[in-house]
Each structure stands twice: as C-alpha cells, then as structure tokens.
Amino acid sequence: MPASTSAKPYRIGRSKTGLGLFATQPIKKGVKIVQYFGPLLDSKNEKHDAIENKYLFQISKRWTVDGSIRKNIARYINHACKPNAESDVNAAKKKIIIRSIKKIEPGEEINYDYGTEYFKEYLKPIGCKCDSCEKKRKKKRAEARAEKLKAKEKAERKALKKEEKARAKDKAKKAKSSGKVASGKAKTTKAAAKKTSAATKAKSVKAKSVKAKSANSRSAKVSKAKAGTAKSKAA
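Because the structure is a prediction, the values reported are computed rather than measured.

Colleague: Mind laying out the packing of aromatic side chains, listing which residues take part and the relevant values?
Modeller: What the rule picks out here adds up to four aromatic pairs. Seen from their ring centres, Y36 and F57 are 5.2 Å apart, and the 55° between their planes marks the pair as tilted. Placement of Y36 in strand β3 (residues 32-36) and of F57 in strand β5 (residues 56-58) is noted, with a sequence separation of 21 residues between them. On the basis of relative accessibility, which here comes to 6%, the residue Y36 falls in the buried class.

Quick look at the structure:
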C-alpha cells in the first residue's frame, strides 16, 4: 500500500453544501488522507444510545464514533455518489481512516460515499448536491427543455398546417364563388344576346313587313294608274 501523504495535504473551504475539505497538493490513489475520530459511543449505554447528530459513524452494531468534535477534520468531508475517497473501517481497532481511491488534484474537493442509510435519512429528502447528482439533474433539465421545445415546435407546425389548410379551403371557396359569379354573368350575357337576337329578328320581320306593305302599296298604285289609263283609252 502506498505511504501516507505529507501532513495535512488539505484545507477546510467553502463547498456547495457549506464547508468541505479540499486538497492542497496532489494526493495519490490508495493513500491515507485523514482519520475520522471522536468519542466512542456504546450502544449498550443508554446515555450514549440517546445521542443524535449527523456525525455519528457506526463501526459495528455496538460501537459508534461521535465525530461532531471540531478537532475531527474528517467531519468536513462531504458525501458524493461518485467519490474520490472511501472510509476504511477497522472494527477491531475501532478506527476509521479516509483513503483516496483515485488521484486527487490540488483544489479538488475530497469526498466519500456516506452509505445508503445516511443517504435515505439525510440527503434524499433535500436532494443530493454532489457533482454526479448535479450533472444528472442538469441533464434532466436539459432533456425536459428539449422535450418542451420539441412539443412547442410540433404545436407550431400543427397550427401552421391548420392555418394553411384553412387558407386553401378559403381560397377554394372564393374560387368556387367566383366561378358561380362568372357563370351567372355568362348566363346573363347569353340571355341578353338572345334578347338582342330576338329584338333584331323582330326588327327584321317588321322591316320586311313594312317593305312588303310599301311594295303592295306601290303595286296597288300602279294597278290604279293602269286602270285609269285603260278607262281613258276606252273613252
């Protein structure tokens, strides 16, 4: 196992969840970072069993470390669902060592998985704020925005299609109405033409009748003149 890093390769600093522990120098994979310590609580002791706080670290069914004391720097290490460290518990020696499980760069926050029970009791109700969960939430928000945008675009396309259909329908209706008007005008023109033709024919018949009367009148006059001439000769 690699040797421990130099004394205190970390510092307490501001984190997204309050205070956190941050690397001040490169920390190799598999090395001891800090010990989680505090008074040992015996579950068989009623007074000990009645103690409740967020820094209780159970070693075994009987023994628990109360890490709420300020000297316990390890208590500032926050939970992460995809951590860069882990808790190495030695039940026999009643010790808890926090070790790196990957290389940690300077400025990077040190974190480990608090376990299922702690997560369900303390973190799940308020929402885990580790980088992994934040990324998941960010991804879900992005997906939700994309779905919303997709639904909006679909609705807009549907509305546009409906509008175009309505326009086409209105256009066809106008065209049909225009066709009826044109047909009506054609019928009117045809009727007028028939009327004009009838009037022209009537005029023509009248003119022929007048001409015939005039011819008959002239013929009658000639006949009278001839009759008069014949009378004169007879006399």
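Having put the structure on the table, let's press on.
Colleague: Break down the sheet that holds strand β1 (residues 10-15) for me, with residues and values.
Modeller: Here we have four strands laid out as an open sheet, ordered β1-β2-β10-β7, and mixed in their pairing. Each of the sheet's edge strands pairs with one partner strand only, and the pair in question is β1 and β7 (78-79). Where β1 lies against strand β2 (residues 18-23), six bridges are found, and the strand directions are antiparallel. Within β2, the residue paired with G13 across the bridge is G20.

Colleague: So what's going on with the pattern of salt bridges? Which residues, and what values?
Modeller: When the charged atoms of two side chains with opposite charge come close together, those side chains can pair. Counted by the stated rule, this structure contains seven salt bridges. One salt bridge in this structure joins E163 and R167, with 2.7 Å as the shortest N-O distance. On the criterion of helical spacing, the pair formed by E163 and R167 is a turn pair, its members being four residues apart in helix α3 (residues 131-234). Taking the shortest distance from any N to any O, the salt bridge between K174 and D170 comes out at 3.7 Å. Of this pair, K174 and D170 are both found in helix α3, four residues apart, which corresponds to roughly one turn of the helix. Taking relative accessible area as the criterion, K174 reaches 56% and is therefore assigned exposed. According to the relative accessible area criterion, D170 is partly exposed, its value standing at 38%.

Colleague: Just give me the short version of the pairing of strand β9 (residues 95-100), but keep the residues and values in it.
Modeller: For β9, a buried count of five out of six residues is recorded, marking the element as mostly surrounded by other parts of the structure. Of the pairings in the sheet, the one linking β3 to β9 comprises four bridges and is antiparallel in character. Bridge pairing in β9 places Q35 opposite I97. For strand β8 (residues 85-90) and β9, the ladder comprises six bridges, and the chain directions are antiparallel.

Conventions used here
Residues numbered from 1 in each chain as written. Predicted model: local features only at pLDDT ≥ 70, side-chain atom pairs only at ≥ 80, totals over all residues. Heavy atoms only, no water. Phe/Tyr/Trp six-rings, centres within 6.5 Å; stacked < 30°, edge-to-face > 60°. Helix = DSSP H or I, 4+ residues; strand = E, 2+ residues; numbered from the N terminus. Buried < 20%, exposed > 50% of the residue type's maximum accessible area, 1.4 Å probe, protein only. Pairing = 2+ DSSP bridges. Salt bridge = Lys/Arg side-chain N within 4 Å of Asp/Glu carboxyl O.

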